[in-house]
Each structure stands twice: as C-alpha cells, then as structure tokens.
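# Chains, contacts and geometry: an overview
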Protein chains: 2
Amino acid sequence: MANAEPATKKQKIETEETLLEEIDTTQNEIDALNEQASEEILKIEQKYNKLRKPFYDKRAAIIEKVDKFWLTTFINHPRISSILQDQEEDCLHYMTKLHVEDFDDVKTGYRISFHFKENPYFENEVLTKEFHLAAENMSDNFTQTSTATQIKWKDGKDLLKELQSKPTNKKRDADHKSFFDWFLDTHDPSTDDIAETLKDDIFPNPLQYFLVPDIGVYNDEDDSAAEEVEGEGSEQEIEDDEELEEEAEEGE
Amino acid sequence: MANAEPATKKQKIETEETLLEEIDTTQNEIDALNEQASEEILKIEQKYNKLRKPFYDKRAAIIEKVDKFWLTTFINHPRISSILQDQEEDCLHYMTKLHVEDFDDVKTGYRISFHFKENPYFENEVLTKEFHLAAENMSDNFTQTSTATQIKWKDGKDLLKELQSKPTNKKRDADHKSFFDWFLDTHDPSTDDIAETLKDDIFPNPLQYFLVPDIGVYNDEDDSAAEEVEGEGSEQEIEDDEELEEEAEEGE
C-alpha cells in the first residue's frame, strides 16, 4: 500500500493541473468576449459622437449670439467659479465657444477648446487643452499626459504674470490658483477635476448653469419677459427672467 | 429717443429669450441621443452577458472539481480575507460555486450567489444576495437596496451567534466583522466594497487569486508538477506548483 501512494499523488497532481489548464482556457475565452464587448461599446460611442456633432455645432452657433453665455455659465458653476480671478472674468467676456470632443478612437483621449473673439488679452482665437490617456496595464488603470496651446499674450496683458506679482487674496483653489494657471498646467493631470467638470458636467448641458435658479428679488414690469421657456422633455425649468432683466437694465 | 427705449429693451429680451428656447430645443435633441446611446450600450452588455454565460457555466463546472477552489481564492484575496473568520473558513470548504449576474435589464441591479454542498453549518444549497439599483435623479446617482437569503443554520452551528458570544480578536474590518455578517447585512449597501470586489474583481477572473505567486520555500521532487500551465493570451503566469504540492501532502 505504501508503494501505491506516489502514483496516487502524481495522478492527483496531474488531474488538478489539467483542471487548472481547462479553467485557464475558458478564462481566455471569457477575456476575448470582454475585449469584443469593449470594442463594440467604443463603436457605439464613436457613432453617437458623430450623431451628436451637428447638434453641438447648432447649439454652439446659437450660444455665440447670447451675450456672456460662457462667462455666466462659468461664474454660476461652483467648481469653475472657485478658480476664476477678477481679471480672468473680464477676459472670459470674450469667450464665444466651448467645445469638448473625444479623439476619433474615443479611448486614447479628448480635447477641450475655448474659442475667443478679438480681445485685449491675447492673439489666439482658440486655446486647446488635450488629454492623452494611456493604458498602464491590463486592469484599465490609465495615466494621462496633457498639452496646452501656448498663449500669445498681448503686451502687458499676461494674466499669469499679473497673478504672480500680487498675492491672491480672492478665491483660492487647492490645485490651481486661476483659470489660466489650470489651463497652462500640464503636470500630473491624472486627477484634473476642472477638465472633468468641463467635459462631463458643463459641456453636456451648459444651459442649466447659465440659468441659475431665480434667487434674487424679482421686480418685473414687463410681462412678456416673465413667461417661462419650457421645452418638451426638458430636465429643468428655465428661469431666465432675472438674467434677461439684468441684461436689459445694463443696456438702458 | 427716450420713448424708444422700452421697445428696444423688449426686443432684446425677446431675442435672448428666443435664443435660449433654441438652445433648450437643441439640448433636448442631444439628451435624446444620449438616451439612445445608453440604450444601445445596455443592449451590448445584455448581448455579451448572454454570450459569456456558457463560458461561465463551463468554468464553474471545472472549478467544482478543484478542491477548495473558492476557499483558497477568498483566502488569497486581501479584501475578502480581511473579513474571514476561522470557522467561516471551515464552512467555505463546502462552497462549490460563485456566480454573479446582472438582472436581465442590466441597469437595475445584480445578484451574487454562493453555492454549497451538503455541510455541517446550514441547510441552504444556495445563498443569494441581490443588489437593487434605483436611479435617484437624472445625473446618474444611484441608491442601492439589498436582500439576502435567510440562512437556515443547523443546531448550534449559527456562525454569527458564535461570533457575537466571543470577542473577535482575529481579523477585523471597519464595516463587517465577518463574511456572514457582510452577507446578511442589508443596511446601507451603497458603498459595499465586498460586493464590488466579488462582482468586478474576483468573479471576472478568480484563477489569478487561486494561483497566488509562489512566495514560499519550494521543495519539489516531482518534476511533472513543476511544469507551468500557460494559456495563450493569458494575462498572468500560472504558478500552481506550491498549491498542488500542499494538496498532495495533505493527501498522504
């Protein structure tokens, strides 16, 4: 009986080894399906990026006609507002368009573009920040690198130099002391919550931030302006009366 | 000229109001496309859930033949190991199958099932914990509710009573003091990292945890057991020799 043991042991090892090989083979088949699923989902995202594009373009064309749309939207957003400096707010008066788009393959990154009309601060018409995602390993941890358009400041108008020369006693941010400081900072962008806010919160629906709830005292003598604008299926009510009133009063 | 002002003001308000209406209309079209995209992605996930099913079933059938597969996998996983009590480890000797599946519509939740063979601890063959996700608002914040199979403990074998009667001086966990304490706890499961570990880490590829890296002293007199099992495209090397050796030695 003692002689039989090594054979039994060997047999058991071989059986278990065979089973583990079989599990591994099946696992590879599952992994292959997972990759196929990811590919198909990427294709859907690509398809809808294309389908959304004309509507984003249409929206952008209308937004351009609304005075201070992006400045107002940024000021009304708590996260973006937290890094805006006074002079930057003046500069953002001239911003006409925000655009966010995935790279064509969706998975390797995205870019955020800020379009400006002729302004006293810089020569650029478009400032673009790109975020390149690189898969670090198989378990989908990504590292990011970013690039930013070099800003061609006009003489004496470099807002970052302004900022460095005086202590910032206004709004503060743990990571970025100003909007342009964020824009030009291409170090360690893996936790860039400003970029994520612009991409996933503001760009998908900026109107909700442009139209802040009407919390001020409202005194309207023009009934036509008090009508609420409601689109079918709209997720929030549009309360634009105070905004419009302010605009109108500035014009008087 | 003074008389003209109210008309200009009214005109400006109407123009801006019209623009905001147009933005809102376009936004609704974008939102509708987003919903369509989500639906299509859900369908892809449903499709691949079906395609993966036979491979998961096949894998489960092989795993059942491997002695202590799930116990070993759980012990080797740092997060699950942190809540396992000694007596629970004994109980998990009898666990034969882990299964995780989305509900049919994918988006409303998932269930985790633990299958057991005849054992001294309880009568149940399957213990199932279900997680129901409910959308709280439009910005995709979800709340979870969960349910768990009632465990029919055999006389004097209630592991939770055991646990309550003596101080736990072994492993500790911030949230759960044992595996069955986690299983039966259906309060506030919105941050259930044990469930997430089982669903997103262990179930997709348990073999990598069953096959821990060979860190112990290895003394092998049987060359056939030292051969490495490598599947094509496998993401990790299979180092099963020590495991098999231990099994074999227990059998002697």
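About the criteria used
- Residues numbered from 1 in each chain as written.
- Chains lettered and ligands numbered in written order.
- Predicted model: local features only at pLDDT ≥ 70, side-chain atom pairs only at ≥ 80, totals over all residues.
- Heavy atoms only, no water.
- Helix = DSSP H or I, 4+ residues; strand = E, 2+ residues; numbered from the N terminus.
- Buried < 20%, exposed > 50% of the residue type's maximum accessible area, 1.4 Å probe, protein only.
- Contact = heavy atoms within 4.5 Å.
- Phe/Tyr/Trp six-rings, centres within 6.5 Å; stacked < 30°, edge-to-face > 60°.
- Lys NZ or Arg CZ within 6 Å of the ring centre and 35° of its normal.
- Salt bridge = Lys/Arg side-chain N within 4 Å of Asp/Glu carboxyl O.
- Arc of directions from axis to C-beta.
- Polar contact = N/O pair within 3.5 Å; in protein donor to acceptor, adjacent residues only side chain to side chain.
- UniProt positions renumbered as here; feature names shortened; annotations may be inferred.
- Pairing = 2+ DSSP bridges.

## Side note on the overall build of chain A
Regarding its fold elements, chain A presents 10 helices and four strands. The linear arrangement of helices and strands in chain A, starting from the amino end, is α-α-α-α-β-β-β-β-α-α-α-α-α-α. With 252 residues in all, chain A has 45% of them scored as buried. Taking the intrachain contacts of chain A between residues at least 6 apart in sequence as the baseline, contacts between residues at least 24 apart amount to 60%.

## What to know about the packing of aromatic side chains
A full pass over the atoms with the stated rule returns 32 aromatic pairs over all chains. On the basis of an interplanar angle of 40 degrees and a centroid distance of 4.5 Å, the ring pair of Tyr56(A) and Phe203(A) is categorised as tilted. Placement of the pair is Tyr56(A) in helix α1 (residues 5–63) and Phe203(A) in the loop between α7 (193–202) and α8 (207–210), with a sequence separation of 147 residues. Residue class for Tyr56(A) comes out buried when judged on its relative accessible area of 12%. Ring centres of Phe116(B) and Phe122(B) lie 4.9 Å apart, and the angle between their planes is 85 degrees; on these two criteria the pair is classed as edge-to-face. Ring pairing ties together the aromatic residues Phe69(A), Trp70(A), Phe74(A), Phe114(A), Phe116(A), Phe122(A), Trp153(A), Phe179(A), Phe180(A), Trp182(A), Phe183(A) and Phe210(A), which thus form one cluster. The side chain of Lys199(A) reaches across the aromatic face of Tyr110(A), ending 4.9 Å from its centre. Against the face of Phe203(B) rests Arg59(B), its NZ or CZ located 5.0 Å from the ring centre.

## Section: the pattern of salt bridges
Overall, the coordinates contain 20 salt bridges over all chains when judged by the stated rule. Here the salt bridges share partners, and the residues they tie into one network are Glu101(A), Arg111(A) and Glu130(A).

## A look at α7(A)
An α-helical turn contains 3.6 residues, so any two residues separated by three or four positions project in the same direction. Residues and elements named next belong to chain A. Taken residue by residue, α7 has Ile194, Ala195, Thr197, Leu198 and Ile202 as its buried positions. What you see down the axis of α7 is that its buried residues fit within an arc of 160 degrees, all on one side. One side-chain oxygen at the N-terminal end of α7 lies 3.2 Å from the backbone nitrogen of Ile194; it belongs to Asp192.

## A look at the UniProt feature "coiled-coil region" (unreviewed entry) in chain A
Per the UniProt record, "coiled-coil region" (unreviewed entry) is annotated on residues 16–43 of chain A. Between the first and last C-alpha atoms of residues 16–43 of chain A the distance is 41 Å; the span itself is 100% helix and 0% strand.

## Digging into the pairing of strand β2 (residues 109–116) of chain B
All names here are of chain B. Burial of β2 is extensive: six of the eight residues sit out of reach of the surface. As judged from the seven bridges shared by strand β1 (residues 95–102) and β2, these two strands associate in the antiparallel manner. Bridge pairing in β2 places Glu101 opposite Arg111. Linkage of β1 to β2, two consecutive antiparallel strands, is achieved through a turn of six residues, within which Val106 is found at a positive phi near 70 degrees.

## A word on unusual backbone geometry
The phi dihedral of Val106(A) is positive, around 70 degrees, even though this residue is not glycine. Relative to the helices and strands, Val106(A) is located in the loop between β1 (95–102) and β2 (109–116).

## Let's talk about the side chain of Ser178(A)
Residue and element names in this part refer to chain A. Among the secondary structure elements, Ser178 is positioned in the loop between α5 (159–165) and α6 (179–184). For Ser178, a relative accessible area of 1% corresponds to the buried category. For Ser178, the side chain forms a polar contact with the main-chain nitrogen of Phe180, separated by 3.5 Å. Of the polar contacts made by the side chain of Ser178, one reaches the backbone nitrogen of Asp181; its length is 3.0 Å. Not counting residues up to four positions away in its chain, the partners in contact with Ser178 are Ile83, Gln85, Glu88, Leu160 and Leu163.

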